[in-house]
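Take a look at the letters that make up each chain.
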Amino acid sequence: MTTVSPEWQRWVEAAKTLAADPTAQVICPRNGDSYLQVTDTTAADGTVERHLRCPVCHATNIIRNPTGRASA
Ligand SMILES: [Zn+2]
């Protein structure tokens, strides 16, 4: 049996929101204390990584290939 934490579910929702609108303001999934800072980077193999970071509590998450698009 797998249990998904409520915090993880909020990270998933944040990722979905940002996939639809990369400029969306997403509240910190961990503590709700600020809006996430979003930075996209491209790895050597062309995979996009989206770094989500809370500037207040420093919660972070990295989403690989956040848009699901193949690299151009
Ligand atoms: Zn936070």
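Right, let's walk through the structure included here. What you see is a predicted model, and the numbers here were worked out from it, not measured in a lab.

1. Topic: the overall build of the protein chain
Okay, so step 1: Each helix and strand counted, the protein chain has 1 helix and 3 strands in total.
Okay, so step 2: Taken from N to C terminus, the helices and strands of the protein chain fall in the order α-β-β-β.
Okay, so step 3: Counting over 72 residues, the protein chain shows a buried share of 12%.
Okay, so step 4: Taking contacts inside the protein chain between residues at least 6 apart in sequence as the whole, the part at least 24 apart equals 27%.

2. Some points on the environment of C57
Okay, so step 1: Relative to the helices and strands, C57 resides in the loop between β2 (48-53) and β3 (60-64).
Okay, so step 2: On the neighbour-count criterion, C57 (13 C-beta atoms within 10 Å) is partly exposed.
Okay, so step 3: Setting aside its immediate chain neighbours within four residues, C57 contacts C28, R30, N31 and D33.

3. Some details on the pairing of strand β1 (residues 37-42)
Where a strand is regular, its side chains alternate between the two sheet faces.
Okay, so step 1: In terms of burial, β1 is a largely surface element, 0 of the 6 residues being buried.
Okay, so step 2: Here β1 runs beside β2; their pairing, made up of 6 bridges, is antiparallel. Among the inter-strand pairings, D40 is bridged to a residue of β2, identified as R50.
Okay, so step 3: Between β1 and the antiparallel strand that follows it, β2, lie 5 residues; G46 among them carries a positive phi value of about 90°.

4. Considering the sheet that holds β2
Okay, so step 1: Reading across the sheet, the 3 strands line up as β1-β2-β3 and stay open at both edges, with antiparallel pairing between neighbours. Every interior strand has two partners, whereas the edge strands, β1 and β3, have only one. Going across the sheet, the axis of each strand differs from the next one's by a mean of 20°, ignoring polarity.

5. Considerations on the nonpolar core
Okay, so step 1: The biggest cluster of nonpolar side chains holds 8 residues, and these are A14, L18, V26, C28, L36, L52, C54 and I63.
Okay, so step 2: Residues within four places of V26 in sequence aside, it is in contact with A14, T17, L18, Y35 and L36.

Rules behind the numbers
- Residues numbered from 1 in each chain as written.
- Predicted model: local features only at pLDDT ≥ 70, side-chain atom pairs only at ≥ 80, totals over all residues.
- Helix = DSSP H or I, 4+ residues; strand = E, 2+ residues; numbered from the N terminus.
- Buried ≥ 20, exposed ≤ 12 C-beta atoms within 10 Å, placed from the backbone.
- Contact = placed C-beta atoms within 7 Å.
- Pairing = 2+ DSSP bridges.
- Axes fitted to C-alpha atoms, helices over the stretch in contact; angles between N-to-C directions.
- Core = buried A, V, L, I, M, F, W, Y, C linked by C-beta atoms within 7 Å.

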